[in-house]
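Chains, contacts and geometry: an overview
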Amino acid sequence: MTYKNKIVWITGASSGIGESFAKAYYREGAKLILSSRRTEELERVKKDLGADDERIKILKLDLALAHELPAKANEAISLFGTIDVLINNGGISQRSLFAETEMETIRKLMEVNFFGSAALTREVLPVMMEQRSGHVIVTSSLAGKFGTKFRSGYAASKHALQGLFDCIRQEMYEYNVAVTMVCPGPIKTNITMNSLTADGSNFGKMGALHDHAMDADEMVDRIWGKIKSQKEEIYIAGKKEMLALYLKRLSPALLNKILKNSKVT
Ligand SMILES: NC(=O)c1ccc[n+]([C@@H]2O[C@H](COP(=O)([O-])OP(=O)(O)OC[C@H]3O[C@@H](n4cnc5c(N)ncnc54)[C@H](OP(=O)(O)O)[C@@H]3O)[C@@H](O)[C@H]2O)c1
């Protein structure tokens, strides 16, 4: 698989995992569309990559604004004439007890993480179906596989993505459009700082779990071979999180016992 002149659209490209995906695809010769809300940060990413106007376009969007997303997707398609790879990566996390969390906060998590990605994918798939090739990548999470404390809305949104994209994958086989779910454990990015608390305000600090985690460039480097081979699911996490993933399959009751006593930040 070569990415020379392939068109790659990345949401959440202004920091963390999305920025690292941008670096990796750019290195391999792709043309990029970088999206998120903060244009100045997207410009910084573009500049760090070499400010290449021919190969890097910026498209500002807010994944929470569902009504704007079909037009944004059409704008993205028109920038280079098609989309070969869509990376649904933009997202926010959560740090709050469900019983104390406003429903608006749960809805925001679902809007950004689930409905935003669903809406963009729905617009891009017909283009990929028409060209009989494409790759949709979703940055899900191990929280899409099992729940822990303080992540109710986040885990719900990631579980919803898993269900949605399992179905899309089945539908897309005959069109040669691949779907990859990337399920990371803790990665050292701004995700914790930007997490929503009960009332929807930002958590604003780094959690211990993420402070000592692998960084996003290393994460993307380590999964790059699997991305290129369009693997259907990719897990990238420490030993403890991987063990939890296997326990969820083999003995969910045992996992629940372990998790209920775990310190979750
Ligand atoms: N870091 C981890 O431990 C971890 C683990 C598993 C999964 N993930 C997933 O990885 C993805 C990327 O997160 P990250 O770790 O790289 O965190 P991050 O550094 O906070 O990046 C989040 C990205 O999402 C964008 N974003 C947030 N809200 C948005 C909105 N309403 N509209 C458009 N873009 C929005 C942000 O850009 P703007 O602020 O510019 O809009 C930013 O580029 C997320 O889906 C997250 O759930 C992260």
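Our subject is the structure that appears above.
All of the points below concern the structure found in this document. Computed from a predicted model, the values in this text were never measured in an experiment.

Glancing now at the nonpolar core. Side chains that are nonpolar tend, in soluble globular proteins, to be buried together. Ranked by size, the top nonpolar core spans 43 residues in total, and within it Trp 9, Ile 83, Met 128, Val 136 and Phe 165 carry the most contacts. Looking at this core, the elements with two or more residues in it are strand 1 (7–11), helix 3 (69–80), helix 4 (103–131), strand 5 (134–139), helix 5 (152–172), strand 6 (177–184), helix 8 (239–250) and helix 9 (252–260). Considering every element that reaches this core, the biggest residue donor is helix 4, with 9 residues. Excluding anything up to four places from it in sequence, Val 136 contacts Leu 86, Asn 88, Thr 121, Leu 125, Met 128, Phe 165, Val 177, Ala 178, Val 179 and Thr 180.

On to the side chain of Ser 141. Position of Ser 141 relative to the elements: it lies in the loop between strand 5 and helix 5. Among the polar contacts listed, one links the side chain of Ser 141 to the backbone nitrogen of Ala 143, at a separation of 2.9 Å. Sequence-distant contacts of Ser 141, defined by excluding residues within four places in its chain, comprise Tyr 154, Lys 158, Val 182, Cys 183 and Pro 184.

Moving on to helix 4. In this model helix 4 runs 41 Å from its N-terminal to its C-terminal C-alpha over 29 residues, within 8% of the 42 Å that 1.5 Å per residue would give. At Glu 111, helix 4 is bent by approximately 40°, the largest bend along its length. Once helix 4 ends, the next one or two residues include Arg 132, with phi positive near 55°.

Here is what the cut-offs are and how they apply
Residues numbered from 1 in each chain as written. Predicted model: local features only at pLDDT ≥ 70, side-chain atom pairs only at ≥ 80, totals over all residues. Heavy atoms only, no water. Core = buried A, V, L, I, M, F, W, Y, C linked by side-chain atoms within 4.5 Å. Buried < 20%, exposed > 50% of the residue type's maximum accessible area, 1.4 Å probe, protein only. Helix = DSSP H or I, 4+ residues; strand = E, 2+ residues; numbered from the N terminus. Contact = heavy atoms within 4.5 Å. Polar contact = N/O pair within 3.5 Å; in protein donor to acceptor, adjacent residues only side chain to side chain. Expected span 1.5 Å × (residues − 1). Bend = angle between axes of the 7 residues up to and from the residue.

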